[in-house]
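# Chains, contacts and geometry: an overview
What follows is the residue order along each chain.
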Amino acid sequence: MIAVIGGAGYIGSHTVKYLVERGEQVVVFDNLSTGNREFVHKEAAFLEGDLANVQDLNQLFEQYPTIQAVIHFAAFAYVCESVKEPAKYYRNNLNSTIVLVELMIKYGVKNLVFSSSATVYGTPKVVPITEDADTGKTTNPYGRTKCMIEEILMDVQHVEKSMN
């Protein structure tokens, strides 16, 4: 089973549709703050919950013990808003991902796909941007949260060698 965190949003719902059409079992976990319950594929399980809430995430992993992978689309993602409300972005994007990773480790879920952003590259020197381009020269709090999360995930994987 694959858990799609933020699976009721635009990108998440299209990913869920693709996974279901491939025959995958999917559970969507979403707080519906920017997503819509109507966007959840009818063949996917759904659990409403907040990624930053440990009890909600515990419920996800306990109710669906066959989860083997997580796709993480749940983040605030508006550059202009992040400039006006940076603390909101740091709290939501960083804290919620840390909670998710800690519980993935607790429940033995070793596979994570993290939806990052081209903003981690800052102002590109070359277009199109390739994945070997330098990161970290972000120009806004949203981009910095994505870059920081990439660093956090690398640090976790350094210790948790079986994490992918």
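Owing to the predicted nature of the structure, the values given are computational and were not obtained by experimental measurement. (Residues numbered from 1 in each chain as written. Predicted model: local features only at pLDDT ≥ 70, side-chain atom pairs only at ≥ 80, totals over all residues. Heavy atoms only, no water.)

### Overview of the pairing of strand β2 (residues 26-30)
- Along β2, five of the five residues are buried, which leaves the element largely enclosed by surrounding structure.
- Of the two faces of β2, the one carrying Val26, Val28 and Asp30 and the one carrying Val27 and Phe29 are both buried.
- As defined by bridge partners, strand β1 (residues 2-5) adjoins β2 across four bridges and the pair is classed as parallel. Within β2, the position partnered with Val4 by the bridge is Val28. (Buried < 20%, exposed > 50% of the residue type's maximum accessible area, 1.4 Å probe, protein only. Helix = DSSP H or I, 4+ residues; strand = E, 2+ residues; numbered from the N terminus. Pairing = 2+ DSSP bridges.)

### Considering the packing of helix α2 (residues 54-63) against helix α4 (residues 86-106)
- Running from N to C, α2 and α4 point in directions that differ by 35°, and their axes come no closer than 10 Å. Remark: the crossing between α2 and α4 carries right-handed chirality. Contact with α2, carried on its side by Val54, Leu57, Asn58 and Phe61, involves Val99, Leu100, Leu103, Met104 and Lys106 of α4 and no other residues of that element.
- Tallied by class, the residues present in the contact of α2 with α4 amount to seven nonpolar, one polar and one charged. (Axes fitted to C-alpha atoms, helices over the stretch in contact; angles between N-to-C directions. Left-handed = near helix turned anticlockwise from the far one by under 90°. Contact = heavy atoms within 4.5 Å. Nonpolar A, V, L, I, M, F, W, Y, C, P; charged D, E, K, R; others polar.)

### A few points about the sheet that holds strand β3 (residues 45-48)
- Taken together, the five strands give an open sheet; going across it, the order is β3-β2-β1-β4-β5, and neighbouring strands pair in parallel fashion. The open sheet has two free edges, formed respectively by β3 and β5 (111-114), since each of these has just one partner strand. Looking at each pair of strands side by side, their axes are set apart by 20° on average, direction ignored.

### Examining α4
- For α4, which comprises 21 residues, the first-to-last C-alpha distance of 30 Å matches the rise-based estimate of 30 Å (1.5 Å per residue) to within 8%.
- Within α4, the full set of buried residues consists of Tyr89, Asn92, Asn93, Leu94, Ser96, Thr97, Val99, Leu100, Val101, Leu103 and Met104.
- Among the structural elements, α2, β4 (69-72), α3 (79-84), β5 and α5 (141-159) are those in contact with the buried residues of α4.
- Following α4 by one or two positions, Gly108 adopts a phi angle in the positive range, close to 75°. (Expected span 1.5 Å × (residues − 1).)

It is worth stressing that arrangement in space is one thing and function is another; only the former is reported here.
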